[in-house]
Amino acid sequence: MTRIEQHASFGGRQEVWQHASAALACPMRFAVYLPPAAVRGEPCPVLYWLSGLTCTEQNFIAKAGAQAHAARYGLILVAPDTSPRGEAVADDPAYDLGQGAGFYLNATQAPWAAHYRMQDYVADELPALVEQHFPALPVRAIAGHSMGGHGALVTALRHPGRYRSVSAFSPIVAPGQVPWGQKAFAAYLGQDPDAWAQWDAVALLRAAPERLPILVDQGLDDEFLAGQLRPELLEAACREAGHPLTLRRQAGYDHSYYFIASFIGDHIAHHAAALKAD
């Protein structure tokens, strides 16, 4: 691994690292915030953040204002890039497919399958790397925004027992039923509806063996609310499955990082309570 950024932040360190990813067969970057406790060498739990369409590891660390909260609670924050990248990696001219739009799944279709195995990366390779190279406990939480909110929900649901808590801002809760997800799933997974269901939070909730409480914040002025996000589908699926959900509809807020920064403290507190519980 190569450290390519380091900045003092709230008594801790904000770093960015690059490494060769075996899962994605390309170089990858991820950001890691080490709170003061971790800088002192004390083992800390880890909150993984998955960002949305067009983002890199930079968006969250520069715009969310999460470091102050992570420092207070003694949490390591890890924010990977949103897809494999590089000249050899398949891409598409559109913003919602290809590089910057990995959807946190394992692609099965050409030309995507060679590199687009983001689920293997975020659920397996990255945590192993973090726990090997940093003072990180094997105690994890996961959160995300938009496409990354989809990724956080799906990753938690696919790996019961792996995470202590899960939350999302403006998540794509039913990608199989909205244009963003339908386009990506058709390209990455083909036309098999059973394959789509394995990466759809609303579908996965029906048979979820774990009842990990879900926290979601959704802005009511979000321009993607009705067409792409549809939180009412998650609400109905949780109600039907008896799955605990706190869905907070926030008047006046949109899809931006201004929204995330306004409520990230609540989410980090939510995760800290679960991560520090005996």
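Scroll up to find the structure.
Residues numbered from 1 in each chain as written. Predicted model: local features only at pLDDT ≥ 70, side-chain atom pairs only at ≥ 80, totals over all residues. Heavy atoms only, no water.

## Focus: the overall build of the chain
Item 1. Within the chain, the secondary structure is distributed over 11 helices and nine strands.
Item 2. Taken over the C-alpha trace, the chain has a radius of gyration of 17 Å; the compact-globule value for 278 residues is 19 Å, and the two agree within 12%.
Item 3. Projected onto the principal axes, the alpha-carbon positions of the chain cover approximately 50 × 40 × 35 Å.
Item 4. Taking all 278 residues of the chain together, the buried fraction comes to 59%.
Item 5. Put simply, 72% of the contacts in the chain that link residues at least 6 apart link residues at least 24 apart.
Item 6. Total accessible area on the chain is roughly 10,700 Å²; 52% of this is exposed by carbon and sulfur atoms. (Helix = DSSP H or I, 4+ residues; strand = E, 2+ residues; numbered from the N terminus. Rg over C-alpha atoms; globule rule 2.2 N^0.38 Å. Buried < 20%, exposed > 50% of the residue type's maximum accessible area, 1.4 Å probe, protein only. Contact = heavy atoms within 4.5 Å. Areas by Shrake-Rupley, 256 points an atom, 1.4 Å probe, with all protein chains shown as cover.)

## A look at the pattern of salt bridges
Item 1. Per the stated rule, a full pass over the model turns up 12 salt bridges.
Item 2. Notably, a salt bridge pairs Glu15 with Arg3, separated by 3.2 Å at the nearest N-O pair. Taken together, the positions of Glu15 in strand 2 (residues 12-21) and Arg3 in strand 1 (residues 2-9) put the pair 12 residues apart, joining distant regions of the chain.
Item 3. You can call Arg3 partly exposed: its relative accessible area is 40%.
Item 4. For the salt bridge of Arg249 with Glu235, the shortest nitrogen-to-oxygen distance reads 2.9 Å. Linking Arg249 in strand 9 (residues 245-250) with Glu235 in helix 10 (residues 231-241), this pair joins segments that are 14 residues apart in sequence.
Item 5. The structure contains a network of salt bridges with shared partners spanning Arg3, Arg13 and Glu15. (Salt bridge = Lys/Arg side-chain N within 4 Å of Asp/Glu carboxyl O.)

## Re the nonpolar core
The nonpolar side chains of a soluble globular protein tend to be buried with one another.
Item 1. Among the nonpolar cores identified, the biggest contains 72 residues, and Phe30, Ile76, Val78, Phe103, Tyr121, Val130 and Tyr188 are the most heavily contacted of them.
Item 2. Here this core gets seven residues from one element, more than from any other, and that element is helix 4 (residues 118-133).
Item 3. Apart from residues no more than four positions distant in its own chain, Ile76 is found in contact with Val32, Tyr33, Leu34, Pro35, Ala38, Cys44, Pro45, Val46, Leu47, Pro135 and Ala136.
Item 4. Within the second largest apolar cluster, 26 residues are counted, among which are Tyr33, Ala70, Ile264 and Ala272. (Core = buried A, V, L, I, M, F, W, Y, C linked by side-chain atoms within 4.5 Å.)

## Side note on the environment of Ser83
Item 1. When you line up the elements, Ser83 lands in the loop between strand 5 (76-80) and helix 4.
Item 2. Look at Ser83 and you get buried, because its relative accessible area is 0%.
Item 3. Along the primary structure Ser83 and Ile61 are separated by 22 residues, whereas in three dimensions their C-alpha atoms are 17 Å apart.
Item 4. Not counting chain neighbours up to four residues away, the residues in contact with Ser83 comprise Met28, Gly98, Gln99, Gly100, Ala101, Gly102, Tyr116 and Met118.

## Description of empty space enclosed by the protein
Item 1. Counted by the stated rule, this structure contains one cavity of 30 Å³ or more.
Item 2. In this model, the largest cavity occupies a volume close to 80 Å³.
Item 3. Taken together, Leu153, Ala156, Leu157, Pro160, Val166, Ala208, Pro209, Glu210, Leu212, Ile214 and His243 make up the full set of residues lining the largest cavity.
Item 4. Per-element tally for the lining of the largest cavity: the top contributor is helix 5 (residues 147-158), with three residues. (1 Å grid on protein atoms, 1.4 Å probe; cavity = no way out; pocket = protein on both sides within 12 Å on 5 of 7 lines; lining within 4 Å. Points joined across faces, edges and corners; volume = space filled by probe spheres on them.)

## Some points on unusual backbone geometry
Item 1. Residue Pro111 follows Ala110 across a cis peptide bond; omega there is 0 degrees.
Item 2. Within the secondary structure, Pro111 is located in the loop between strand 5 and helix 4.
Item 3. At Thr54, a position not held by glycine, the phi torsion is positive, near 75 degrees.
Item 4. You can see Thr54 is positioned in the loop between strand 4 (44-50) and helix 2 (58-63).
Item 5. If you check the backbone angles, Arg230 has positive phi at about 50 degrees while not being a glycine.
Item 6. With respect to the helices and strands, Arg230 occurs in the loop between helix 9 (225-229) and helix 10.
Item 7. Under the relative-accessibility criterion, Arg230 is labelled partly exposed at 25%.

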